[in-house]
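Residue-level structural notes
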Amino acid sequence: MTEVNPNPNPNHNGIVASDWIEQAQAAALLRYPVIAGRGPSFSVIEEFNKWRQQADLAEAVAAIRALAAVIRASEARTMMELEIELKKASATLKSWDTTSISLRAGCDLFMRYVTRTSALESEDFNTAKSRVLGRAEKFGEISYKARKIIAVLSQDFIFDGCTILVHGFSRVVLEILKTATQNKKLFRVLCTEGRPDKTGVLLAKELAKLDVPVKLLIDSAVAYSMDEVDMVIVGADGVVESGGVINMMGTYQIALLAHSMNKPVYVAAESYKFARLYPLDQKDLAPALRPIDFGVHVPPKIEVERSARDYTPPQYLTMLFTDLGVLTPSVVSDELIQLYL
Amino acid sequence: MESRRNPRAVVDPKVRQVGFFTSSQPDSTHQPDPIASESHPVVSRNSLSPVMIPPPRHNSSDTFPLRAASAVSPSSFSYSTRRDFPDGSTTAASPGRVSRGSFSKPSSSSLPGVGMDSMAAAKSSSVPASGLTTVSVVVNMPPGLSEKESDQKKNSKPLKEKTTKAERRALQEAQRAAKAAAKAEGGKAPLVSSGSVASTNVKAAKPAKPSSQKNDVAVAAAAGPSEKKGGQTEKDRKKDAPHPRMQYDDESRVVKAKRRAVVKQTEAKNRVELFRHLPQYEHGTQLPDLETKFFQLDPMHPAVYKVGLQYLSGDISGGNARCIAMLQAFQEVVKDYSTPSEKTLNRDMTAKISSYVSFLIECRPLSVSMGNAIRFVKNRIAKLPITLSESEAKAALQSDIERFINEKIIMADTVIVKHAVTKIRDGDVLLTYGSPTAVEMVLLHAHELGKKFRVLVVDSRPKLEGQLLLRRLIKRGINCTYTHINAISYIMHEVTKVFLGASSVLSNGTVYSRVGTACVAMVASAFRVPVLVCCEAYKFHERVQLDSICSNELGDPNAISKVHGREDINYLDGLTNNANLQFLNLMYDATPSDYISMIITDYGMVPPTSVPVIVREYQKEHMLV
């Protein structure tokens, strides 16, 4: 099958009849080709990379698009085979970056969403496959547009003259603020430095381009400035089943501070980031370590906490802005149950 | 109605009488001297006008159950005595006793000082006696009082006709008391159920003020109905306890239920006011009685009977075990079933199952797991297609029940174990309370997987279930510590996770489980230790409960007063019949969802807020199944 394998034109939607017949004939000759190292899995990564080249596309969305392409290009004859192919492709994608929660969550959700169609068995394979493909495309579209939807939904929460504290460089949050400026709202932003990635500085630059008044803070100055803040908006690497979020290191601190000072904390997260994890405490997460540069030499016998993420429990979060709507943290589990049941 | 005008002052100091009480002269039921010494009543008797509310006169001796029998004066009623009134009052076993301020007359209730009231309220006897008894009755009346009551009854002159009834009643009560006294050795109060039953029958009865446990004086209700009830009392007493979900202070339903019961229940003494709506524990005396009837109960299937006895004796306990035992008994029932002529299988089988369920309820109130399983079985029976032959239907049912047991209980447990072991890390110190089956499986499996952890088993009296768990864990070589629930705040600082089991999880995320669980969860939460509850999804229920009072189960009060194996701890021996002392042995409590970190079910790990979603999905599945 590998030779005949196609994925000839990843961008064409639907199988052209002649291609199909060719593939069917080839398939008839070869029985049960070796799956490992086969065309499709290889092309999944290519596909993925191709999508990622698009500016500003989230990894998870690129992965979802790639998986949709796998379905399109698949030569499976039965649903089971198709599912197996998808699983392989998904595993390959996940291994590309093992620490990324959103990538993993996106792939898992895609699998559930797509294979959850009912009455698949009773139809002939092609109808079923095209239905599956339709769902896959739809899921891809939703994920792609998720940012815009979230930006629109969150406009009501930003009022004139408000001060927003942001942490970490989230493209969703940037989208929200961009849309707010487009709607002619007047607000100012306090931006944390975001060591060790210096993401805060990058975000501040972007905001400055939009003519939004920005003030940069070092991470330790958050409590000091919390009085003048009206709300905190952060993005998320993943939203876990309890309703809490996993985000850049420092989010937990800020959420705790905001909660104790009665400031609302909003999390902007696309729905494909809902993961089936349930951490009980900080150490329950899979570690994601990043090197930290302190600027001065640190002798090796001094231990450095290099974790790049922390977990914020749901009781410190006020609302989640998602493409499914503005939700309370407890809804995450409801959505996941409905999808996984 | 001259009785109505009888001022009978109620002397019960514990009762706050509100409302219009007719002062009614103190009854003719003069107490014998001792009572008289007590005082009270006479004085106030004549001084009150009908609508005056006299200040309560407190006489220590005044708190006695009202003996309705004697003169129930039709005076104002104020509160009806609740039926819970212990029968003590009715047992007129020892005639000579001085009634301690028994209040025989109803009207007197208004007169606090009046010793005699026709308390009967509490007891059925009181009810009848005093159509309008106002006297409140002490719920826990020591048996001795009953005698007084009978005395009083005899003494009530003013109401001629009532007297006769009262006399009859006194006689009945005397007999009953004698019988009860004989049975009393068991530590069960020899209470004639009449009291409570009767009182429940009092229509006009107004709920007695739930004066804390001390004071259980309820005011008898209207005399009229009570008189009638008096006659019924005996019959009612023979009836069995009503459906557990029923509120036991709803008289008419108690009566109805009693008519249908198989198991004879005796009245419990020393009821706690706040928990009167729950079925009182009376099981201790049932077992021998039921055992002898094993071969005589035609309508009852032997398998069901056996299971019922096992519940009664406590051999089978724990949500899963009880449910499985019951379902297996039902499988036997189905196997041996044959449709009677002119009846359809669906309806007849459902009726049979319902009757068996009532029997099981009499043995021990249903747990939520059993309730859900019964609903499932009835649902399956109802859905049987009419076209099936009898043997096919029976086979289908049996396999359905088998499937339920396998999928919802046994396999669910394996899924729970699979999820829960991912949360156990090396070096963990896990705390558990009681003996939950799901948690035990988790710990054993984690140990098999080679994880290094140690377990802290917390236990509590009177059941001491933790010891069973402890034995099983130690046998497998798990490192354990054992402590009593009093020490949880002492050891909680070294605990990393708490695993709890549940009898049920309710819709608002409240966990309903063995009493003491709430304490453990709250202390853990205060120490910021995560609390994980392991519960199969079939135990979820859509009801909502905010406290541990409105729905619970009462256990054996004697288990509290005695310590097994320590005969030297007998400080409470003489006090079991004291009116001022009630024993409360609750079986369950409700833990609010704020203290729970996660619930592990066969649907995965969910936060407590997602329980209604699962309940909804679960019902749907049932409909489709």
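Residues numbered from 1 in each chain as written. Chains lettered and ligands numbered in written order. Predicted model: local features only at pLDDT ≥ 70, side-chain atom pairs only at ≥ 80, totals over all residues. Heavy atoms only, no water.

Before going further, it helps to spend a moment on the overall build of chain B. Of the regular secondary structure elements, chain B holds 20 helices and twelve strands. When each of the 625 residues of chain B is scored for burial, the buried share is 60%. Of the contacts made within chain B by residues no fewer than 6 positions apart, 82% connect residues no fewer than 24 positions apart. As displayed, chain B offers around 23,700 Å² of accessible surface, 57% of which is attributable to carbon and sulfur atoms. (Helix = DSSP H or I, 4+ residues; strand = E, 2+ residues; numbered from the N terminus. Buried < 20%, exposed > 50% of the residue type's maximum accessible area, 1.4 Å probe, protein only. Contact = heavy atoms within 4.5 Å. Areas by Shrake-Rupley, 256 points an atom, 1.4 Å probe, with all protein chains shown as cover.)

In this section: the overall build of chain A. Looking only at helices and strands, one finds eleven helices and ten strands in chain A. Counting every position in chain A, which comprises 341 residues, the buried fraction comes to 49%. A separation of at least 24 residues holds for 76% of the contacts in chain A among residues at least 6 apart in sequence. With the model as given, the accessible surface of chain A reaches about 16,200 Å², and the carbon-plus-sulfur share is 56%.

Residues and elements named next belong to chain A. Within the open sheet, the seven strands sit side by side as β3-β2-β1-β4-β7-β9-β10. Their pairing is mixed. Two strands bound the open sheet, and with one partner strand each, they are β3 (214-217) and β10 (325-327). The average angle at which neighbouring strand axes cross in this sheet is 25°, direction not considered. The strands that helix α7 (residues 171-182) touches are β1 (162-167), β2 (187-192), β4 (231-234), β7 (265-268) and β9 (319-322); relative to β2, the one it contacts most, it runs at about 160°. (Pairing = 2+ DSSP bridges. Axes fitted to C-alpha atoms, helices over the stretch in contact; angles between N-to-C directions.)

Each side of the interface is counted separately: chain A has 17 residues, and chain B has 19 residues. A buried area of about 1,500 Å², summed over both sides, lies between chain A and chain B, and 55% of it is on carbon and sulfur atoms. At the surface where chain A touches chain B, the tally comes to three salt bridges. Among the salt bridges present, the one from Arg425(B) reaches Asp281(A), with a minimum N-O distance of 3.7 Å. Taken together, the connections running from chain A to chain B amount to six residue pairs in polar contact (both at pLDDT 80 or more). At four residues, helix α11 (residues 331-340) of chain A tops the list of elements feeding residues into the side of chain A that touches chain B. Counted by class, the side of chain A that touches chain B contains seven nonpolar, four polar and six charged residues. (Buried area = accessible area lost by both parts, 1.4 Å probe. Salt bridge = Lys/Arg side-chain N within 4 Å of Asp/Glu carboxyl O. Polar contact = N/O pair within 3.5 Å; in protein donor to acceptor, adjacent residues only side chain to side chain. Nonpolar A, V, L, I, M, F, W, Y, C, P; charged D, E, K, R; others polar.)

This next bit is on the side chain of Asp459(B). Residues and elements named next belong to chain B. Here Asp-459 shows up in strand β4 (residues 453-459). No salt bridge is formed by the buried Asp-459; the nearest opposite charge belongs to Arg-514, separated by 8.8 Å. Separated by 3.3 Å, the side chain of Asp-459 and the backbone nitrogen of Glu-465 make a polar contact. With sequence-adjacent residues up to four places away left out, Asp-459 is seen in contact with Tyr-433, Leu-464, Glu-465, Gly-466, Gln-467, Tyr-482, Thr-483, His-484 and Ile-485. (Lys, Arg positive; Asp, Glu negative; His and termini not counted.)

Let's shift gears to the confidence of the model for chain A. Taken residue by residue, chain A gives an average pLDDT of 83. The fraction at 70 or more is 85%. The model gives residues 32-41 of chain A a pLDDT under 50, and that stretch makes ten contacts with residues more than four places away or in other chains. (pLDDT = per-residue confidence, 0-100.)

All names here are of chain B. Extensive coverage of β4 is indicated by the burial of six of its seven residues. For the handedness criterion, the β-α-β arrangement of strand β3 (residues 428-433), helix α15 (residues 437-448) and β4 is classed as right-handed. Note on the crossover from β4 through helix α16 (residues 466-475) to strand β5 (residues 479-484): the handedness is right-handed. (Right-handed = clockwise from strand over helix to strand, strands pointing away.)

Bringing the pattern of salt bridges into the picture now. Residues and elements named next belong to chain A. Under the counting rule described, the total for this entry stands at 30 salt bridges over all chains. Measuring nitrogen to oxygen at the nearest pair gives 4.0 Å for the salt bridge that ties Lys-50 to Glu-47. In this pair, Lys-50 and Glu-47 are both assigned in helix α2 (residues 39-52), three residues apart and thus about one turn of the helix distant. A salt bridge links Arg-188 to Glu-228; the nearest nitrogen and oxygen atoms lie 3.4 Å apart.

Residues and elements named next belong to chain B. In this structure, Leu-384 sits in the loop between α13 (368-383) and α14 (390-421). Taking the C-alpha atoms as reference points, Leu-384 and Leu-345, separated by 39 residues in sequence, lie 9.0 Å from one another. If near-sequence neighbours (up to four positions away) are discounted, Leu-384 is found in contact with Leu-345, Asn-346, Ala-393, Ala-396 and Leu-397.

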